[in-house]
Structure formats: structure tokens, C-alpha cells
Amino acid sequence: MSSTSIDDLLAFEEEAAPAGPQARRSRIRPVLRSLAWAAAVVAVLLVGLRAVGLQVSLPVLIAGVLAVLAVRRVTALLAPPPPPPAGSRNVSGEEDGSYNWGARDALRSAINRWEWPLDWSNTRPERFSEVVLPRIGELADERMRLKHGVTRESDPARARALLGDRLWTFLETPPRRTPSPRDLAVIVAELEKI
């Protein structure tokens, strides 16, 4: 058993502040590194150009390499920060509540799956019967299956009672024209009651 008391365990001692000023990062090291890179690039270019048979003045070659490295350094300093990784949220503050319609996300994809066929059905009424109506029927079947264990195919009589005459007629007999937005809103409201 140790002889350490509870006071020793709970005692707090502040760490002493550093005695002297903190060592500043040397500016000489990056300059020397850049000069070493410049010398290496100049040497490679000089050997490569001489191997091909071209002669370039050494001061011009050095000036060109230093200029390219300087431009590279300046553009690196002025470059914007990299974008956040995909899928991460920006938690820097409150969101303004507006929806970014240009972004590709699941909500926009779901909206487009309904928006485009509905828009196409304005000019081609048969498109509504071929594309949109089956989707509405699938939604009705899925809602009935989840809440009541029935689909239109498995138990038509009970499904008709659950759907109501208006919705049943709409789903079973395709309309000759595309329903108006008001009619579709009524149908969606009836679907939500299931």
C-alpha cells in the first residue's frame, strides 16, 4: 500500500511559464530549401539541354527557374483553402435556412423523380398514364401494405374500402387528360390518409 494521501492526489501546481521568448521559426531555412530546389532544377535542365544540343546562358536559366519557383510560391500562398471533404457538414454557425437548389443531393433527386415526369405529362397526357400513375399506385400499395398488410392485388375488396371510391377509380382507370395540380393535391391528401 502506498503512503500517498488524498491531498497529494488532488493538489494542483501551476506549470511555470516559459522563461525566455519562444524561438521564432527561422526564415533562412525555407530560403535555403528554395535555393537548393532551384540549383537542382537548373542542374537537371542544364544537363538535359546540353544532351539535346541546346546552349542556354546560365544566368538566363537561373533567372527563369527562380521566376517559376517564385510564381509557384506566391500562388501557393494566395490559393483558397481546400474545400471540406464530401459528406461533412459545416458547423461554423447557423444555416440561413435556404435550400441550395444547385447541389446534388437525395432531396433534389427525389423531387426530380416526380417533377420531370409531371412536367412531361403536361405536353403528352399519355405520359401521365404510363409513368406517373403507376408510381402513385405503388405509393398507395406500399402505404396500405405497411399500415394494413394489404395491396390492391392481394385483397382488392379491402384495398378499395381503404382507398375510397375516388382514389380507387383514379388508380384503376387511367384519366384521358393530365389531372390539374389541384386534383393531384386532393389525390395526394387522400393517399396520406391511408
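In the block above lies the structure referred to throughout.
All of these numbers come straight from a predicted model, not from anything done at the bench.

**Student:** Looking at this structure, I do not really get the nonpolar core. What am I missing?
**Tutor:** Across soluble globular proteins, nonpolar side chains have a tendency to be buried as a group. Formed by 17 residues in total, the largest nonpolar core has its most connected members in Phe128, Ile136, Leu163, Leu167, Phe170 and Leu171. At the level of elements, α5 (125-148), α6 (156-163), α7 (165-172) and α8 (181-193) are the ones that each hand at least two residues to this core. Residue contributions to this core peak at six residues, all from α5.

**Student:** Would you mind showing me how to read the environment of Arg73 here?
**Tutor:** Among the structural elements, Arg73 can be located in helix α3 (residues 58-78). Classification of Arg73 as exposed rests on a relative accessible area of 52%. Considered as a pair, Arg73 and Ser34 are 39 residues apart in the sequence and their alpha carbons are 9.5 Å apart.

**Student:** Quick question: what am I supposed to make of the pattern of salt bridges here?
**Tutor:** Side-chain pairs of opposite charge can arise whenever the charged atoms involved come near each other. Applying the stated rule across the entire model yields five salt bridges. When the shortest N-O distance is used, the salt bridge between Arg160 and Asp165 registers 3.5 Å. With a relative accessible area of 39%, Arg160 lands in the partly exposed category. Among the charged side chains, a network of salt bridges with common partners joins Asp141, Arg152 and Glu172.

Analysis parameters
Residues numbered from 1 in each chain as written. Predicted model: local features only at pLDDT ≥ 70, side-chain atom pairs only at ≥ 80, totals over all residues. Heavy atoms only, no water. Core = buried A, V, L, I, M, F, W, Y, C linked by side-chain atoms within 4.5 Å. Buried < 20%, exposed > 50% of the residue type's maximum accessible area, 1.4 Å probe, protein only. Helix = DSSP H or I, 4+ residues; strand = E, 2+ residues; numbered from the N terminus. Salt bridge = Lys/Arg side-chain N within 4 Å of Asp/Glu carboxyl O.

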